[in-house]
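A structural walkthrough
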Amino acid sequence: MDQVKQRLKEVGESKSEQLKELVREHGNKVLQEVTIGQVLSGMKGVVALLTDTSKLDPSEGIRFRGYSIPELRAKLPKIKEDGEPLPEGLFYLMLIGEIPDKATVDFISQEWARRAQGIPDHVFKVIDSLPITAHPMIQFNTAILAMSTESHFRRAYMAGMDKKDYWDPMYEGVMDLISRLPVITAYIYRRCFHGQKHIKPDPSLDWAGNLAHMMGHSSEEAKRLMRLYMVLHADHEGGNVSAHATHLVGTALSNPYYSFSAGMNGLAGPLHGMANQEVMHWLEKLIKEIGTETPSVDQIKDYAITTLEQGRVIPGYGHAVLRKTDPRFSEQLDFAKKYIPDAPLIQLVSKIYEVVPDVLASTGKVKNPWPNVDAISGSLLSSYGIKEFPIYTVLFGVSRSLGVLTSLIWDRIYGMPLERPSSQTFDWFGEQGKNK
Ligand code: NMX
Ligand code: MLT
């Protein structure tokens, strides 16, 4: 048993006992009142999930196992002291609940590099059978499903494994899957945008650095950006669409590939992860219509108002939980201001930030007029030479694997049962309205 799995076993055994006791002792305790409005507006604010990896505060933003992003950037192991933390360290933190030392992070890097070599040939053939014009998210998700032929979990289940041990093959599958996503992503990227000229992995590199390398963006700056990107998008508590979908499908004891694929289908929606690509189209159209990369504040305002008048959303703004500027936006802006302050797209994003919140607030209905993570991520990638917008959501997905798949292992440690809430008819809700 590897050292990470061994530590997981130790913390997992005691936590799963505590959970059983909680349900036994306090299972009947009422948590909250739920209104008709909450149920009919996307269940916002309804506490319905147990997720340990991270927690989102509406004002402060995300904390991973209690640590804010600035704290993580200071505390997680890095390659160079002035660089970005390694996502491997965040994975360990989310999985175990402890900040790892550098040796543990190096072990995970090496373990993932080793496991990444095991992608079966048919996965590349399946990708190659899709048209090159198929959106990279289609190719990515098809590849994830194609990799499920390798599922340890499925094999163990078929062999009649005791359910208390399910977490073990889940861990193995998750480690395989996470390790392989950068290779798949770079393969799709080079296939679609760089004439099939594939670049071999460098097993001496870390997980995110290797992704940048295989994509063909191998400068130290691009690797540093990739590490930051992979940390920032890794998790956003349990209720966001990709986390929730991964978890839900996992409760049917679907293997990690099926479960993660469900999450990635959700991430591909324009109100969720695909918003990073939408932002770039919105910016591109703005530049084209106004005729300059440096529009005035008034020109941006008119363009934003026109978007709303056309019955469309302004991508990159708003959030279902956050009520302030997303710290993931601020961290990326700080990074950009530090390294590439003169990049035209970054200057444009900053100017839009001055204008759009007021435009959205003036509608009177948008609950959060502030930018989210997607308002800047594409502009930052583009400024570093990763200019092909359709790959952005795939990169989000690679990062999101760290959080949602960690939670999937914990779901099996906790022995989470099949999730099956009730539904009611329109007439039933109408009756409830009259009764209250
Ligand atoms: N532009 C225009 N209208 C908006 C926006 C926006 N950015 N954000 C919210 N609204 C509207 C929303 O469509 C709704 O309108 P209506 O009542 O006519 O249906 C109204 O304001 C109230 O919505 P909220 O309760 O504020 O937002 P909700 O929780 O339903 O949705 C989002 C959250 C994130 C889906 C929404 O803010 C949005 O569509 N934003 C743009 C897309 C985006 O950036 N998504 C990425 C989110 C982060 N991520 O990576 O997943
Ligand atoms: C996310 O990172 O998942 C998004 O910000 C959406 C959310 O949290 O609902």
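Nothing here was measured: the structure is a model prediction, and the numbers come from that model. (Residues numbered from 1 in each chain as written. Chains lettered and ligands numbered in written order. Predicted model: local features only at pLDDT ≥ 70, side-chain atom pairs only at ≥ 80, totals over all residues.)

**Focus on helix 16 (residues 327–339)**
Worth spelling out the cut-off: By definition, any uninterrupted DSSP run of H or I lasting at least four residues is a helix, any uninterrupted run of E lasting at least two residues is a strand, and each is numbered from the N terminus. By this rule the span expected of a helix is its residue count minus one, scaled by 1.5 Å. Field definition: a residue is buried when 20 or more other C-beta atoms are found within 10 Å of its C-beta, exposed when 12 or fewer are, and partly exposed for counts in between, with C-beta atoms placed from the backbone. C-beta atoms are placed from the backbone for every residue, and two residues are taken to be in contact when these atoms lie within 7 Å.
Between its terminal C-alpha atoms helix 16 stretches 18 Å, which fits the 18 Å expected from 13 residues at 1.5 Å a residue. For helix 16, the set of buried residues is P327, R328, F329, E331, Q332, L333, F335 and A336. Looking at the buried positions of helix 16, the neighbouring elements they touch are strand 2 (61–64), helix 3 (69–75), helix 11 (220–232), helix 17 (344–361) and helix 18 (374–383).

**Remarks on the site of ligand 1**
Going by this rule: Here, nearness is defined through the C-beta atom: a residue counts as near a molecule or strand if that backbone-placed atom lies within 6 Å of it. Asp, Glu, Lys and Arg are counted as charged, while Ala, Val, Leu, Ile, Met, Phe, Trp, Tyr, Cys and Pro are counted as nonpolar; the rest, among them Gly, fall into the polar class.
Contacts to ligand 1 come from 21 residues, most closely from A275, V313, G318, A320 and K367. Split into classes, the residues belonging to the shell around ligand 1 amount to 11 nonpolar, 7 polar and 3 charged.

**Considering the sheet that holds strand 2**
What counts here: Pairs of strands are assigned from DSSP output, requiring at least two bridges between the strands.
If you walk across this open sheet you meet the 3 strands as 1-2-3, and the pairing is antiparallel. Single-partner strands in this sheet number two, and they are strand 1 (54–57) and strand 3 (67–68). The sheet contact formed by strand 2 and strand 3 spans 2 bridges and is antiparallel. Looking across to strand 3, one finds that F64 is bridged to Y67.

**Things to note about the site of ligand 2**
In the region of ligand 2, the neighbouring residues are H236, N240, H272, A320, V321, N372 and V373. Among the residues making up the shell around ligand 2, the classes are represented as 3 nonpolar, 4 polar and no charged.

**Points about unusual backbone geometry**
Residues other than glycine seldom take positive phi values, yet E237 does so here, at roughly 50°. Its identity as a non-glycine residue notwithstanding, L253 has a phi of 60°, on the positive side. Within the fold, L253 resides in the loop between helix 12 (241–250) and helix 13 (256–267).

**Thoughts on the nonpolar core**
Spelled out, the test is: Throughout this description, the term nonpolar core refers to a group of buried Ala, Val, Leu, Ile, Met, Phe, Trp, Tyr and Cys residues whose C-beta atoms join them within 7 Å.
Among the nonpolar cores identified, the biggest contains 107 residues, and L90, V174, L211, L405 and I409 are the most heavily contacted of them. With 15 residues, helix 9 (residues 167–193) is the single largest residue contributor to this core. Among all residues touching L405, those that are not within four sequence positions of it are V174, L177, I178, P256 and F260.

**Overview of the pairing of strand 1**
Within a regular strand, side chains alternate between the sheet's two faces. The two faces of strand 1 differ: S54 and L56 on one face are buried, but K55 and D57 on the other face are not. With 4 bridges joining them, strand 1 and strand 2 adopt antiparallel strand pairing. Following the sheet pairing, K55 is matched in strand 2 by R63. Between strand 1 and strand 2, which pair antiparallel one after the other, the connecting turn spans 3 residues.

**Structural notes on helix 10 (residues 207–215)**
Across the 9 residues that make up helix 10, a large majority, 9, are buried. Along helix 10, the residues classified as buried are W207, A208, G209, N210, L211, A212, H213, M214 and M215. On the buried face of helix 10, the contacting elements are helix 4 (87–96), helix 5 (102–115), helix 9, helix 11 and helix 19 (392–414).

Read these as geometric descriptors, not functional statements.
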